[in-house]
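This is what each chain is made of:
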Amino acid sequence: MENKKIFRASIINPRNHAVADCFVDGAIYTEDGIIKKIGYFSDVIKGCENNIETVELDGVLMPGFADVHLHWVQHQVRGKYSGELLTWLKEHIWPEEASYIDTGKAGQAAEEFYADMLRAGTVMGMSYSSPHAAATEIAMQKMRGDWIIGNVLMAINAPNDLTDYSLHDPILLNEIMMRNDRHHYALTPRFAPNLSTEILSYLGMIAVQTSSFVQTHLAESNAEIAWVKELFPDAESYTQVYDKAGLLTPKTILGHCIEMNDSEWQCLFARGSWVAHCPSSNEALGNNRMPLEKLQEYHIPYALATDVGAGPSHSMLHVIQRFIAIHRKAGIKISFQEALYRATLAGAEAMNRDAIAGNLCPGKRADFILLPSKQKNQSWDGWFSECIGGTMSELEERPQGTWLASERAA
Ligand code: GUN
Ligand code: ZN
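Residues numbered from 1 in each chain as written. Chains lettered and ligands numbered in written order. Predicted model: local features only at pLDDT ≥ 70, side-chain atom pairs only at ≥ 80, totals over all residues. Heavy atoms only, no water.

Per an unreviewed UniProt entry, the protein chain is named Amidohydrolase family protein, and its organism is Acidithiobacillus montserratensis.

This is the structure:
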């Protein structure tokens, strides 16, 4: 017997960067957690049997968020520290990540992480683990929602308790690549300073051979770039370090990309790689604004992300608020349709899951959230502004419910 449900509420469904379908008194009809119909309630119920469970909701339904760049092992200390990237990493973040050798801590932190993400409306994303194979396995096993995870690969220029070869266990890495859940795994070279040219090239070769996802950081701060220049004197640019290693593919998601020159943007476009744009993190660490106009000029695909724990909040509503505010100060106006798309469907596209997730179109997984109601005479634009207004903790609590495959999850 199929499990059939109708969810009745107003609905907003992003279609692309410029268009979102809006239904006042809309409905979604689902079978076994898959969307079969979406539209106005009166249209959706036409042709449906009349004994189907109908869930009446007071608010606006939209797809759950996709967060394409965060560090689940930094969730417990998100927003707790700030300062220049490299000092912040060495003094605060690396010691915190080293503590994930404790599998008890990892288990508890993973449960809290997934519960918090669902409460804040995030149903999918890409996550960096610590270097530890065991902590990464725990994050895979406790997964709620649809995540791509990788243990950060760090071999040099970091404390021994993170670079110890036995931690990231290349055999385990291989095993994961052979398993059928490998579409939940990403090769995760932390960033160029932690790896040699040889290891980067080796990872590039594996990425291409296995068509794996790759996630890493690129050009986040000026001090980082100076360090990369010193470590890779033969490379023309930071981007070229990765490109020469073969790490830039359409399944590569690059965090930040702030301090880039034109030939680097051209390279990203040519390779089809994605940018994970993390405005709240950039603001918190005092990095420069990511030049959105360059992404637009070079047609670089991008999606939004929290970058927890540099990002102070795991809420994508908070990221959207900062995204719009930061670029507006630079004279760039972002429409609500664009912001919605970058926080949902664009992330699913980066994760190669847009055929099965990312918005509420028929055939996709019924992963959605409920936001506060729209007032009768309010425009959708006005409703959206209200949804992304307020303090960080208000934004974390704003979703009134989250469903995964038609089942209430938070
Ligand atoms: N670059 C290398 N590692 C990190 C990290 O953990 N967070 C951020 N924001 N940048 C990084
Ligand atoms: Zn990061």
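S.K.: So what exactly am I meant to see when it comes to the pairing of strand β13 (residues 368–371) here?
M.R.: The side chains of a regular strand alternate between both faces of the sheet. Judged by which residues are buried, β13 turns out to be covered on both faces: F368 and L370 on one side and I369 and L371 on the other are all buried. Across four bridges, the pairing between strand β4 (residues 53–63) and β13 is antiparallel. Directly across from L61, in β13, lies its bridge partner L370. Of the strand pairs in this sheet, β13 and strand β14 (residues 401–404) are connected by three bridges, and their pairing is antiparallel. Across the sheet, residue L370 finds its bridge partner in β14, namely G401. (Buried < 20%, exposed > 50% of the residue type's maximum accessible area, 1.4 Å probe, protein only. Helix = DSSP H or I, 4+ residues; strand = E, 2+ residues; numbered from the N terminus. Pairing = 2+ DSSP bridges.)

S.K.: Looking at this structure, how should I read the site of ligand 1?
M.R.: With respect to spatial proximity, the complete set of residues near ligand 1 consists of H71, Q74, L85, W88, L89, R190, F191, H217, E220, H256, D307 and A310. Note that a nitrogen atom of ligand 1 is positioned 2.7 Å from one of the side-chain N or O atoms of E220. Within the side chain of D307, one N or O atom sits 2.9 Å away from a nitrogen atom of ligand 1. Residue contributions to the shell around ligand 1 peak at three residues, all from helix α2 (residues 85–98). Residues that form the shell around ligand 1 fall into these classes: five nonpolar, four polar and three charged. (Near = heavy atom within 4 Å. Polar contact = N/O pair within 3.5 Å; in protein donor to acceptor, adjacent residues only side chain to side chain. Nonpolar A, V, L, I, M, F, W, Y, C, P; charged D, E, K, R; others polar.)

S.K.: Mind showing me how you'd approach the environment of D67 here?
M.R.: As for its placement among the helices and strands, D67 is situated in strand β5 (residues 65–71). Accessibility expressed as a relative area gives 0% for D67, which makes it buried. When the C-alpha atoms of D67 and S315 are compared, they prove to be 9.0 Å apart, with 248 residues separating the residues in sequence. When sequence neighbours within four positions are dropped, the list of residues in contact with D67 reads M117, T122, M124, G125, M126, W147, L304, A305, T306, D307 and M316. (Contact = heavy atoms within 4.5 Å.)

S.K.: Explain the pattern of salt bridges to me, please; I cannot follow it from the model alone.
M.R.: Inspection of the entire model under this criterion finds 19 salt bridges. Residues E49 and K4 are paired through a salt bridge, measuring 2.7 Å at the closest nitrogen-oxygen approach. Taken together, the residues E49 in the loop between α1 (41–44) and β4 and K4 in strand β1 (residues 4–14) connect sequence positions 45 residues apart. With a relative accessible area of 44%, E49 lands in the partly exposed category. Of the charged contacts in the structure, one is a salt bridge between E96 and K105, with a shortest N-O distance of 3.3 Å. For E96, a relative accessible area of 13% translates into the label buried. The class for K105 is partly exposed, based on a relative accessible area of 25%. Connected via shared salt-bridge partners are D146, R353, R365 and D367. (Salt bridge = Lys/Arg side-chain N within 4 Å of Asp/Glu carboxyl O.)

S.K.: Help me out: how do you make sense of the coordination of the zinc ion (ligand 2) in this one?
M.R.: Expected angles at a metal are 109.5 degrees for tetrahedral coordination by four donors and either 90 or 180 degrees for octahedral coordination by six donors. Within the protein, the atoms that donate to the zinc ion (ligand 2) are H69 (NE2), H71 (NE2), H217 (NE2) and D307 (OD), at distances of 2.1 to 2.4 Å. What the four donor atoms of the zinc ion (ligand 2) show is an angle range of 89 to 164° at the metal, which sorts the shape as irregular. Judged by relative accessible area, which is 2%, H71 ranks as buried. The class of D307 is buried, set by a relative accessible area of 3%. (Donors = N, O, S within 2.8 Å, 3.2 Å for Na, K, Ca; no water. Tetrahedral: all angles 85-135°; square planar, octahedral: opposite > 155°, others 65-115°.)

S.K.: Would you mind showing me how to read unusual backbone geometry here?
M.R.: With an omega of 5°, the peptide bond running from V308 to G309 counts as cis. Position of G309 relative to the elements: it lies in the loop between β12 (302–304) and α14 (316–329). Positive phi is not limited to glycine here, since C257 has a value of about 55°. Accessibility expressed as a relative area gives 0% for C257, which makes it buried.

S.K.: It is not clear to me how α2 should be interpreted in this structure. Could you clarify?
M.R.: Turn by turn, an α-helix covers 3.6 residues, leaving residues three or four places apart pointing in a common direction. The principal kink in α2, of about 35°, is found at H92, preceding the proline P95 by one to four residues. Where α2 is concerned, the buried positions are L85, L86, W88, L89, I93, W94, E96, E97 and A98. The N-capping residue of α2, defined by a side-chain oxygen 2.9 Å from the backbone nitrogen of L86, is E84. (Bend = angle between axes of the 7 residues up to and from the residue.)

S.K.: It is not clear to me how α14 should be interpreted in this structure. Could you clarify?
M.R.: Here α14 spans 20 Å end to end across 14 residues, near enough to the 20 Å set by a 1.5 Å rise per residue. Buried within α14 are the following residues: M316, L317, H318, V319, I320, Q321, R322, F323, I324, I326 and H327. The N-capping residue of α14, defined by a side-chain oxygen 3.1 Å from the backbone nitrogen of L317, is S315. Where α14 terminates, the next one or two residues include G331, which has phi positive at roughly 85°. (Expected span 1.5 Å × (residues − 1).)

S.K.: Would you mind going over the sheet that holds strand β2 (residues 20–31) with me for this structure?
M.R.: Pairing between the strands of a sheet comes from backbone hydrogen bonds, and it takes one of two forms, parallel or antiparallel. On the basis of which strands lie adjacent, the open sheet formed by seven strands has the order β3-β2-β1-β4-β13-β14-β15 and mixed pairing. Two strands in the sheet have a free side with no partner beyond their single neighbour: β3 (34–40) and β15 (407–408). For β1 and β2, the ladder comprises ten bridges, and the chain directions are antiparallel. Following the sheet pairing, K4 is matched in β2 by E31.

S.K.: Sorry, what's going on with the side chain of D146 here?
M.R.: As for its placement among the helices and strands, D146 is situated in strand β7 (residues 146–153). Once residues lying within four places of it in the same chain are set aside, the contact partners of D146 are V123, M124, G125, H184, M351, R353 and R365.

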